[in-house]
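Remarks on the overall topology
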Amino acid sequence: MGFQVPPSKASKGQDKFEFGPGSGSEFSVKKAKFCKIAQLEKIEQGGAAAIDFFGAAGTKQGDFVRDLDRDQFQTLIEAWQDDSNVTAGESQAS
C-alpha cells in the first residue's frame, strides 16, 4: 500500500502574508509554509522569478513591487521570511 499525501492545511486568511503601501494589506502572497514547491524554487532562484512571486508583471501588485528599490524589496522579502518562520537560505521544503 502506497503513502497517501494528506491535503494541504492551508486555510483562508492564515496562509497569506499581506503587504502594501497604505494599510499594508492591499496585496498578499502565500506564506512559505503554504507555497507549492515550484513557487519556493522560484523564490530561491532570485531575480525576476522572485519578483514575479511577489507580483506578476502587468498587475497592480506587480507594478507596486517593481516600483520598489532594492532595499525596499529586500525588506519585503525579509518580512515575508519572518512572517513565514523561514530564515535566509532555508525553505520549508528543506
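Scroll up to find the structure this text is about.
Here is what the cut-offs are and how they apply
- Residues numbered from 1 in each chain as written.
- Predicted model: local features only at pLDDT ≥ 70, side-chain atom pairs only at ≥ 80, totals over all residues.
- Heavy atoms only, no water.
- Helix = DSSP H or I, 4+ residues; strand = E, 2+ residues; numbered from the N terminus.
- Buried < 20%, exposed > 50% of the residue type's maximum accessible area, 1.4 Å probe, protein only.
- Contact = heavy atoms within 4.5 Å.
- Areas by Shrake-Rupley, 256 points an atom, 1.4 Å probe, with all protein chains shown as cover.
- Expected span 1.5 Å × (residues − 1).
- Arc of directions from axis to C-beta.
- Polar contact = N/O pair within 3.5 Å; in protein donor to acceptor, adjacent residues only side chain to side chain.
- Axes fitted to C-alpha atoms, helices over the stretch in contact; angles between N-to-C directions.
- Left-handed = near helix turned anticlockwise from the far one by under 90°.
- Nonpolar A, V, L, I, M, F, W, Y, C, P; charged D, E, K, R; others polar.

A word on the overall build of the protein chain
For the protein chain, the helix and strand inventory stands at 4 helices and 2 strands. Along the protein chain, from the amino end to the carboxyl end, the secondary structure elements read β-β-α-α-α-α. Out of the 94 residues belonging to the protein chain, those deemed buried represent 30%. In the protein chain, of all internal contacts separated by at least 6 residues, the share reaching a separation of at least 24 is 40%. When the accessible surface of the protein chain is split by element, carbon and sulfur atoms take 49% of a total near 6,600 Å².

Notes on helix H4 (residues 70-83)
Taking 1.5 Å as the rise per residue, H4 with 14 residues should run 20 Å; its terminal C-alpha atoms sit 20 Å apart, in good agreement. Residues of H4 that are buried include every one of Phe73, Leu76, Ile77, Trp80 and Gln81, and no others. What you see down the axis of H4 is that its buried residues fit within an arc of 135 degrees, all on one side. Residues Asp71 and Asp82 are exposed on H4 and point more than 90 degrees away from its buried face. Elements that come into contact with the buried residues of H4 comprise strand E1 (16-19), strand E2 (27-30), helix H1 (37-45), helix H2 (47-54) and helix H3 (60-66). N-cap assignment for H4: the residue whose side-chain oxygen lies 3.1 Å from the backbone N of Asp71 is Asp69. In the stretch just after H4, Asn85 is the one whose phi turns positive, near 60 degrees.

Description of the packing of H2 against H4
In the contact formed by H2 and H4, the axes pass within 12 Å of each other and the chain directions differ by 65 degrees. Taken as a pair, H2 and H4 cross one another with a handedness that is left-handed. Contacts from Ala50, Ile51, Phe53 and Phe54 in H2 reach Phe73, Leu76, Ile77 and Trp80 in H4. Considering only residue class, the contact of H2 with H4 consists of 8 nonpolar, no polar and no charged.

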